[in-house]
Amino acid sequence: MTHTPLSPRTRTRARARSRRALLCAALLALTVQTTAVAPALAEGPVGRGGSDCVRTRGHLDGKARQVLDITRKAKKDLRLNAVQVRVTIDGREVLTDALGESMTGVPAEPDMHFRAGSVAFAHIATALLRLVEERRVRLDDTVERWLPDLPKADKITLRMLATNTTGLHDYVTDPEFLKELEAHPFRAWTPEELVAFPLRHSFWYEPGKSWSYSHANYVLLVAALEKITGVRIDRLVKEKVTGPLELRDTQNNFTPEIPRPALHAFTSERGLYEESTFWNPSWTTAPGAVITTHICDLARSAQAIGSGELLSPRSYRTLLNPGTVGLGGGTETCPATICLKQTEAAHFGLGVIVVNGWILQNPSFSGYAAIQAYLPSKRLAIAVSSTKTATTPDGNTAEVVAERIAAALAPGIPLAIG
């Protein structure tokens, strides 16, 4: 599911190649993603084919033509295999399109499903805030009741897990984890195996005292939420978020399967340009939260999460700044490249990234890259998904496409993540 700190995943790889596709959601180079494994069939639609997610028909107006031209040029500049794009203003379509190929001879289409990685974190955080509104839990509840075996559980709160302020190391940048993941991309990982990597290390800092990205936080948050509610996380998120928003083509997958039609992915992260579509994504986040989607659902998610549609005004303010602004910065025990400084202009919120007023998530892993971004002041939603050729540059290329679109439609308010 995602990226690492303040330069797209500076989570983008712990080593030249491994970092690239392993890190998926960036916060100013920050990124997000975690794991999913479970022996049951995924709930929800097996894929309607996304028949309502189609290219914009008819004559394109000025904005639509501008977005299409920008996307075409970016595809060429970045040497991309495929790009899917959807832009809306105030919920109304500006442009929906797909360029390039899914596979050789198979054109990319807007309704093709792709892995959405850390977008799930925005949904999980919204579900958490809805539980808080229902007074079923408090953000500052410590987790020892639900995670008694976690070190410092009596100091770690739900808020800290959701905002990456626990001090836990990130397994996605652990050399031992990367070595195993690169050698065995089809391996199914359990939450216990993933969390074991950060628990081999001392905490970067005392819980709540700084900020550092760790995929382990959301693996643990999911485990806590399932115990709090007695409901599996995929069902909880469907009840609280994706169901009310009618994101019918956004679903959890307990296996590496992707609902048809699927956008295929390719990567060179292991040294050879190869297909990575069905590599096992269980390492990206907790079981039940490994999602796929299509570009229309991604744009709807960007608008709904970014506008706080499902939340009270108070909860929405918490989503955007749950106390992270001002945290971070290098210390003797945590380098500045890990404990990134959180500023008003660029910081991690509650499962989202906030950059110059844009509210976003930006998964990037195993050949897939995407971004959902929303600018409340313009009611502008941008969703982009991209896949690679053998010569595509490193990093989250969907971000680059989105940044160019944002510069045209919201000049002076840069969507500058890296």
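These figures come from a predicted structure and were not determined experimentally. (Residues numbered from 1 in each chain as written. Predicted model: local features only at pLDDT ≥ 70, side-chain atom pairs only at ≥ 80, totals over all residues. Heavy atoms only, no water.)

A full pass over the atoms with the stated rule returns 2 disulfides. Put simply, cysteine 53 and cysteine 296 are joined by a disulfide, and their sulfur atoms are 2.0 Å apart. An S-S torsion of about 85 degrees defines the bridge between cysteine 53 and cysteine 296 as right-handed. Of the two residues, cysteine 53 sits in the loop between β2 (27-28) and α2 (62-78) while cysteine 296 sits in helix α9 (residues 295-307), which places them 243 residues apart along the sequence. (Disulfide = S-S within 2.5 Å. Helix = DSSP H or I, 4+ residues; strand = E, 2+ residues; numbered from the N terminus.)

The subject of this paragraph is the packing of aromatic side chains. Applying the stated criterion across every chain yields a total of 10 aromatic pairs. Plain terms: the ring middles of phenylalanine 177 and phenylalanine 197 are 5.5 Å apart, the flat faces sit at 75 degrees to each other, and that makes the pair edge-to-face. Separated by 20 residues along the polypeptide, phenylalanine 177 in helix α5 (residues 175-183) and phenylalanine 197 in the loop between α6 (191-196) and α7 (216-229) bring together distant segments of the chain. The class for phenylalanine 177 is buried, based on a relative accessible area of 0%. (Phe/Tyr/Trp six-rings, centres within 6.5 Å; stacked < 30°, edge-to-face > 60°. Buried < 20%, exposed > 50% of the residue type's maximum accessible area, 1.4 Å probe, protein only.)

Here the focus is the side chain of serine 276. As for its placement among the helices and strands, serine 276 is situated in the loop between β9 (274-275) and β10 (291-293). Engagement of the side chain of serine 276 in a polar contact is seen with the backbone oxygen of serine 366, the distance being 2.6 Å. Excluding its chain neighbours within four sequence positions, the residues that come into contact with serine 276 are Ala265, Phe266, Thr267, Ser366 and Gly367. (Polar contact = N/O pair within 3.5 Å; in protein donor to acceptor, adjacent residues only side chain to side chain. Contact = heavy atoms within 4.5 Å.)

This part covers the environment of serine 364. Relative to the helices and strands, serine 364 resides in strand β14 (residues 364-365). Residue class for serine 364 comes out buried when judged on its relative accessible area of 3%. Note: C-alpha distance between serine 364 and alanine 116 (248 residues apart in sequence) is 8.3 Å.

This part takes up the environment of tyrosine 205. Note on placement: tyrosine 205 falls in the loop between α6 and α7. The exposure class of tyrosine 205 is buried, given its relative accessible area of 10%. Along the primary structure tyrosine 205 and threonine 166 are separated by 39 residues, whereas in three dimensions their C-alpha atoms are 7.8 Å apart. Apart from the residues lying within four places of it in its own chain, the contact partners of tyrosine 205 are Asn164, Thr165, Thr166, Gly167, Ser210, Trp211, Ser212 and Cys339. Polar contacts involving the side chain of tyrosine 205 include one to the main-chain amide nitrogen of glycine 167, which spans 3.4 Å.

This brings us to the confidence of the model for the protein. In this model, the protein carries an average pLDDT of 90, and 88% of its residues clear a pLDDT of 70 or more. Confidence drops under a pLDDT of 50 for residues 1-50, and excluding neighbours within four residues, the segment shows 311 contacts in the predicted structure. (pLDDT = per-residue confidence, 0-100.)

Here we take up unusual backbone geometry. With an omega of -5 degrees, the peptide bond between arginine 260 and proline 261 qualifies as cis. In this fold, proline 261 is placed in the loop between β7 (251-252) and β8 (266-267). Even without being glycine, lysine 152 reaches a positive phi, approximately 60 degrees. Of note, lysine 152 is situated in the loop between α3 (119-133) and α4 (158-163). According to the relative accessible area criterion, lysine 152 is partly exposed, its value standing at 27%. The backbone of asparagine 356 sits at a positive phi, close to 55 degrees, despite the residue not being glycine. Secondary-structure assignment places asparagine 356 in the loop between β12 (353-355) and β13 (358-361).

Below, the discussion takes up the packing of α3 against helix α8 (residues 233-242). Where α3 meets α8, the closest approach of the two axes is 9 Å, and the angle between their N-to-C directions is 75 degrees. By the angle between their axes, α3 is roughly perpendicular relative to α8. Packed against α3, whose contacting residues are His123, Ile124, Thr126, Ala127, Arg130 and Leu131, the element α8 presents Ile233, Leu236, Val237, Lys240, Val241 and Thr242 at the interface. (Axes fitted to C-alpha atoms, helices over the stretch in contact; angles between N-to-C directions. Parallel < 35°, antiparallel > 145°, perpendicular 65-115°, else oblique.)

It is the contact of α3 with α9, at a shortest axis distance of 11 Å, that shows an interaxial angle of 40 degrees. In terms of orientation, α3 and α9 fall into the oblique class. In this structure, α3 crosses over α9, and the sense of that crossing is left-handed. Taking contact as the criterion, the partners of Val119, Ala122, His123 and Thr126 in α3 are, on α9, Leu298, Ser301 and Ile305. Residue classes in the contact of α3 with α9 are distributed as 4 nonpolar, 3 polar and no charged. (Left-handed = near helix turned anticlockwise from the far one by under 90°. Nonpolar A, V, L, I, M, F, W, Y, C, P; charged D, E, K, R; others polar.)

We now examine the environment of alanine 82. Within the fold, alanine 82 resides in strand β3 (residues 80-89). For alanine 82, a relative accessible area of 1% corresponds to the buried category. Excluding its chain neighbours within four sequence positions, the residues that come into contact with alanine 82 are Leu99, Gly100, Glu101, Ala108, Leu263, Ser385, Ser386 and Thr387.

Further remarks concern the sheet that holds strand β6 (residues 114-115). One open sheet holds the 3 strands; their spatial order is β6-β10-β7, and the pairing between them is antiparallel. The strands lining the two open edges of the sheet, one partner per strand, are β6 and β7. As defined by bridge partners, β7 adjoins β10 across 2 bridges and the pair is classed as antiparallel. Across the sheet, the residue bridging to glutamine 251 is threonine 292, located in β10. (Pairing = 2+ DSSP bridges.)

A separate point is the nonpolar core. A general trend in soluble globular proteins is that nonpolar side chains are found buried together. Core analysis: the biggest nonpolar cluster contains 120 residues, and Ile124, Phe177, Trp358, Val384 and Ile405 have the highest contact counts within it. For isoleucine 124, the residues in contact, after removing those within four places along its chain, are Tyr218, Leu221, Val222, Leu225, Ile233, Val237 and Ala289. (Core = buried A, V, L, I, M, F, W, Y, C linked by side-chain atoms within 4.5 Å.)

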